[in-house]
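Tertiary structure, described
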Protein chains: 2
Amino acid sequence: MKLKMETGYKNVEGGVCAAAGFSANGCNCGLNPDKEKNDLGMVYSEKTCSTAAVYTTNKVKGAPILVTQKNLEATGGQSRAIIVNSKNANTCNADGEQKAWRMCELAAQQLHIAPEEVVVASTGVIGQVLPIEPIANHIKTLAAGLSPDKHGEAASAIMTTDTVKKEVAVEFLLDGKVCRLGGMAKGSGMIHPNMATTLNFITTDAAVSAPMLHKALQETVKGTYNCLCVDGDMSTNDMVCIMANGCAGNQEVAADGEAFQAFQKALYLVLLNLTRMLAADGEGASKLLECTCAGAPDLDTATAVAKSVIRSPLVKAAMFGCDANCGRILCAAGYADAEFDVHKIDVALASAAGSILVCRDGNGIAFSEEKAAAVLAEDEISIRIDLNQGEASAKAWGCDLTYDYVKINADYRS
Amino acid sequence: MKLKMETGYKNVEGGVCAAAGFSANGCNCGLNPDKEKNDLGMVYSEKTCSTAAVYTTNKVKGAPILVTQKNLEATGGQSRAIIVNSKNANTCNADGEQKAWRMCELAAQQLHIAPEEVVVASTGVIGQVLPIEPIANHIKTLAAGLSPDKHGEAASAIMTTDTVKKEVAVEFLLDGKVCRLGGMAKGSGMIHPNMATTLNFITTDAAVSAPMLHKALQETVKGTYNCLCVDGDMSTNDMVCIMANGCAGNQEVAADGEAFQAFQKALYLVLLNLTRMLAADGEGASKLLECTCAGAPDLDTATAVAKSVIRSPLVKAAMFGCDANCGRILCAAGYADAEFDVHKIDVALASAAGSILVCRDGNGIAFSEEKAAAVLAEDEISIRIDLNQGEASAKAWGCDLTYDYVKINADYRS
């Protein structure tokens, strides 16, 4: 997948350790019986970080979410480290919060920081008791091995049904100083974020105040993670957390303005690319789908239509089958929670193989099935909807619905 | 599937012709290249019928929906016949309304009634032009063959990806007279009704005024069709229509009261059983899922939770895999659009093979995987959620998510 970048922003390696002052590590502690797979990850900053996070709006919240929220409240949005495990979501079990807090204590002890300075997260099966011993037994080695080179070890520790690690980082200038912002994310099912996201950790060496960090994060997730849908199931453990340690030496971004805009653009590029990676690696996915709704009377309408189409199982299955079924796209646009005139809609399908108009003025039109099949045979498909009744535009990302989605999810627990 | 009945209501054969004075027919007119399959159906009443209908709330509406709405407005809720085709939804094409109206004219001509007295419907591929010639060429034979025995021919004419015909009818007493109410329905994909349903036609020989028929229908779909979800895609052509011709000779039900209640119960039983049939025959389905949410503070909460769980692709895939994954059920309950305390939820899974508790007080509990697998091996599964915070209860119906759903929908148009 080709990364989306803009002038002034350079893609760099390093993921969650691309920014100065951050180190990371990951290991298999035994939660995952496959010893080849990491299940415990740690991220550490040598300096205290302004920290902001957004969380799932699911009423059933993972215990780590609740503990992280409390910690960030206690410190006024400061943190030093992240501890995260996969294989067990530590959610819907009686002692979840104690266990999540214990994870903070274990990490803090090794790192000589306060437990409240630790962001804790878990992902995996919901409703099972989290065994703490494997974590306790490996925390010392994990901390001892922290290194800026080990970002990939941490990124692999948060993978569940993901088939590839998701890491992105960018370099940009702020106040004349070279800054970096990078992160790691996990997919790949139970993904339909709402005012939040999947599990994502972003770090930056830019100096940004906690309130401005929160503002940048809240605004940026709206058009990135919150426009991502793999299957319509909103996870209990969604969280995106950003830590800014100020090691780049810029003057702290503490208000709106040019520097804030430049910083937010870096955050946008990283979240955008992680969103696209998450969609492309959605459970069982064979294609990345990007739906653009343009010509909308307002942003809410554009977003509602793009998300409705990207969520539709029938559209997703048609894309898997390389079937240019414009009726399903119109149908899904039609049940979007928004008001607009359906008789002005144009729909085109596009990919590296070209573009083909399949609907004009709300009606299906004749098109070359041969050309349509060629367009849809690519692994990155763009569904372009033009409502032709305004200037607003929005994008949403998802993937096709395949046999493998069913296979993966028919017996996930075993 | 065993039908649900109540004292005083007897299941009878005859579907849409079970009630006196109704006849039907179906044929292959050539819309479906498979000559073994009916694609054109007709229902006729020898007397004028009070008629009520509810329609999809999708903004993209099939042309036949618009024409039926106009007809029923023009006649003040009176009709004499139904004309319906499958294979082509006559939706999202420039001349859809003209074609739908032409179908009314063709039927009316044969039946010596006014075109406005015809209810017209179409189901099938969206966005393609409907060829009217096949219908014009077969309308005379279709009308000539009308018979009370041919209800099954009509029921098969509305099938798309359905694997079985759906017909139900009941007999009951109203005002001392034997009445009948029956109907036919089609599935089996693009099903997530909202204030409407899939394509359904109900007939009765009870005398009921058009306003009371409308009231009974509106109230009854809420707890039946509107609690049905196969895939979360709301169709453009959803419609449920009920015709009452008064042939039973009862005093017309024109107000609330005992007779209205008795009539509404009959309607409920027919819609309930059709709903269950539609769920059981959902695209690719191997299991009927029924989710009950009890102990809710109010009906809206109970309904929202039951529908959220029944819609979840992850719950559906787990049921296909016979995986008692309570975490996914809690997750889907948690993102339902309703407010309640998630720490009081109990969840049990039940079937003909027994019942097993998998969650208590919002937490997963240990259970026998062996017993759970036996419970989930049945083809009718009950997901029982108790919120333990009130008296309201609601049910929703759906099916599992299987490889065949993907297979059917990856290339539906061909």
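One can find the structure itself at the top, above this paragraph.
What counts, and where the lines are drawn
- Residues numbered from 1 in each chain as written.
- Chains lettered and ligands numbered in written order.
- Predicted model: local features only at pLDDT ≥ 70, side-chain atom pairs only at ≥ 80, totals over all residues.
- Heavy atoms only, no water.
- Contact = heavy atoms within 4.5 Å.
- Buried area = accessible area lost by both parts, 1.4 Å probe.
- Salt bridge = Lys/Arg side-chain N within 4 Å of Asp/Glu carboxyl O.
- Polar contact = N/O pair within 3.5 Å; in protein donor to acceptor, adjacent residues only side chain to side chain.
- Helix = DSSP H or I, 4+ residues; strand = E, 2+ residues; numbered from the N terminus.
- Expected span 1.5 Å × (residues − 1).
- Buried < 20%, exposed > 50% of the residue type's maximum accessible area, 1.4 Å probe, protein only.
- Least-squares fit on C-alpha atoms with pLDDT ≥ 70 in both.

This brings us to the interface of chain A and chain B. When the parts come together, some accessible area is lost, and that loss is often what is quoted as the size of the interface. Each partner contributes to the interface: chain A provides 55 residues, whereas chain B provides 55 residues. In total, chain A and chain B occlude about 4500 Å² of area from one another, counting both sides; carbon and sulfur atoms represent 58% of this. Across the chain A-chain B interface, the total number found is zero salt bridges. Scanning the region where chain A abuts chain B turns up 22 residue pairs in polar contact (both at pLDDT 80 or more).

A few words now on helix 7 (residues 299-311) of chain B. Residues and elements named next belong to chain B. With 13 residues, helix 7 should reach 18 Å at 1.5 Å per residue; the first-to-last C-alpha distance of 18 Å fits that figure. Along helix 7, the residues classified as buried are T301, A302, T303, A304, V305, A306, S308, V309 and I310. In this structure, the buried residues of helix 7 make contact with strand 9 (228-229), strand 11 (288-296), helix 8 (313-320), helix 9 (326-334), strand 15 (380-386) and strand 16 (392-399). The N-cap residue of helix 7 is D298: its side-chain oxygen and the backbone nitrogen of D300 are 3.3 Å apart.

Attention now moves to the environment of A136 of chain A. All names here are of chain A. If you trace the backbone, A136 turns up in helix 3 (residues 133-144). Overall, the relative accessible area of 34% leaves A136 in the partly exposed class. Expressed as a C-alpha distance, the spacing of A136 and L106, which sit 30 residues apart in the sequence, is 6.6 Å.

Time to look at the relation of the copies chain A and chain B. For these two chains of identical sequence, chain A goes onto chain B by a turn of 180 degrees and a shift of 0.0 Å along the axis, with RMSD 0.0 Å. Those values place the two copies in the arrangement expected of a two-fold rotation axis. Taking C-alpha positions as reference, the residue of chain A nearest the rotation axis is Y403 of chain A, located at 2.7 Å. Interface overlap between copies: 100% of the residues of chain A at the interface are likewise at the interface in chain B, consistent with a symmetric, same-surface contact.

Looking now at the pattern of salt bridges. For the structure on display, the rule yields 26 salt bridges over all chains. Two residues, E290 of chain A and R276 of chain A, come together in a salt bridge whose shortest N-O distance is 3.0 Å. Taken together, the positions of E290 of chain A in strand 11 (residues 288-296) and R276 of chain A in helix 6 (residues 258-280) put the pair 14 residues apart, joining distant regions of the chain. Its relative accessible area of 1% is what places R276 of chain A among the buried residues. Put simply, K166 of chain B and D162 of chain B hold a salt bridge, and the shortest N to O gap is 2.5 Å. Side by side, K166 of chain B and D162 of chain B carry an identical accessibility label, which is buried.

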